[in-house]
Every structure is written in C-alpha cells, then in structure tokens.
Amino acid sequence: MASADRPTSILFVCLGNICRSPLVEAVARQHCAAAGLDVALASCGTGHWHVGKGADARMVKAAAAAGYDLSSHRARQVHAGDFDRFDQVLAMDEDNLDALLTMRRGRGAPVELFLSWAGVDAPHAFPDPYHGDADGFRRSVALAERAVEGLVARLRGGWNG
Ligand code: 4NP
C-alpha cells in the first residue's frame, strides 16, 4: 500500500519491459544497494508482446558495458494487483502513464513520470531506444544513471508524498 513515508517498493514501467524499465530497475538496484537503501524494486510493461522474454540484446550489451547485469531479466505485463503491491509506480513516458492511470482507477499506489519524480527536468519522457541504434542504448544507460542519482537523493532525503 502507498505510504506517507518514503516508498519501500517501486515499480518501473515501460511499454515492452525489455529496454527502459529493466535497465532502470538494474541501475536503481545497484545504486540503492550502494547507498544502503532498503527498497524493493521491480519492472514491468504495459504491453504483452514480450512477456517471458529476456531484455533486448542491445540493451543487455549497453548495460553490461556500464556494469549492470540484465541477463536474468524476464519481461512481464503490469496487472491491477501491482497498485496494491507497490508503494510507487513510475512510468517511463506519457503513453504508459495514461495506460497505468486508466488501469489504476484512482486506487492504490500513485503513478508518476519517472524522470520528473527523480528530479530530471529534461527530457520529460524517457526516450524509447527500441527502434534506434546502439548510440540510443548507450544514451539510455547514461540517462538512467542520471535519473537514479535523483531517485537515490530523494529516497535518502525522505518522502514528502
Ligand atoms: P521498452 O521498449 O518499452 O523500453 O521495453 C520497447 C520494446 C518493444 C517495443 C517497443 C518499445 N515493441 O514495439 O515491441
């Protein structure tokens, strides 16, 4: 359930759960552990196409080059129970935010845009690297690291929900 205190569980959500949200989950897991933050982290997608599959090979490679292991990731689709299981749901872009708000029906964990929640002013939405080149995947890693810095700072500083 959502809490007035800082969230102790966060669900990151993109479209396919094979690029952006598994990356953010892995980056956040590593940096939250290093900061000594006890927070449960997970990711999923609003779409069903990749359920059960591993992360996109291009994302796995770019993440590994920066020291993040996505090899054990398996994609799953969001479901209504997630709004009860997690304290905070963070969407990678507006389309996913809208899909989540529709599913949430005003109940359970708050849903917000990940980058704004983490204090990143621009870009507003996490760019989807899926249809791009290797550079896009490298940029995704750099953006995830920048945003996770903000996330860690926010979790360290308390929660003003
Ligand atoms: P993600 O990227 O939402 O960051 O996992 C995508 C993955 C798959 C597709 C689109 C975006 N797709 O169209 O299959």
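Structure report, in brief. (Residues numbered from 1 in each chain as written. Predicted model: local features only at pLDDT ≥ 70, side-chain atom pairs only at ≥ 80, totals over all residues. Heavy atoms only, no water.)

1. Details of the pairing of strand S2 (residues 40–45)
Alright, step 1. The buried fraction of S2 is high, at 5 of 6 residues.
Alright, step 2. Pairing of strand S1 (residues 9–14) with S2, which is carried by 6 bridges, proceeds in the parallel orientation. Along S2, the bridge assignment pairs isoleucine 10 with leucine 41. (Buried < 20%, exposed > 50% of the residue type's maximum accessible area, 1.4 Å probe, protein only. Helix = DSSP H or I, 4+ residues; strand = E, 2+ residues; numbered from the N terminus. Pairing = 2+ DSSP bridges.)

2. Brief notes about the sheet that holds strand S4 (residues 111–113)
Alright, step 1. One open sheet accounts for 4 strands, arranged S2-S1-S3-S4; its pairing is parallel. The sheet is open, and its two edges are formed by S2 and S4, each paired on a single side. In this sheet, adjacent strand axes meet at a mean angle of 25° when their direction is disregarded.
Alright, step 2. Here helix H1 (residues 20–34) sits on the sheet and contacts S1 and S2; the angle it forms with S2, its principal contact strand, is near 175°. (Axes fitted to C-alpha atoms, helices over the stretch in contact; angles between N-to-C directions. Contact = heavy atoms within 4.5 Å.)

3. A word on the state of the cysteines
Alright, step 1. Scanning the entire structure with this criterion turns up 0 disulfides.
Alright, step 2. Summary of cysteine pairing: cysteine 19 is not part of a disulfide, and the nearest cysteine sulfur, belonging to cysteine 14, is at 7.0 Å.
Alright, step 3. When its relative accessible area of 5% is taken as the criterion, cysteine 19 is described as buried. (Disulfide = S-S within 2.5 Å.)

4. Here's the deal with the packing of aromatic side chains
Alright, step 1. Applying the stated rule across the entire model yields 1 aromatic pair.
Alright, step 2. Taking the centre distance of 5.6 Å and the plane angle of 85° together, the rings of phenylalanine 12 and phenylalanine 114 count as edge-to-face. With a gap of 102 residues between them, phenylalanine 12 in strand S1 and phenylalanine 114 in helix H5 (residues 114–117) connect regions that are remote in the sequence.
Alright, step 3. Assessed through its relative accessible area of 0%, phenylalanine 12 is described here as buried.
Alright, step 4. Between the NZ or CZ atom of arginine 58 and the centre of the ring of tyrosine 130, over which it lies, the distance is 5.4 Å. (Phe/Tyr/Trp six-rings, centres within 6.5 Å; stacked < 30°, edge-to-face > 60°. Lys NZ or Arg CZ within 6 Å of the ring centre and 35° of its normal.)

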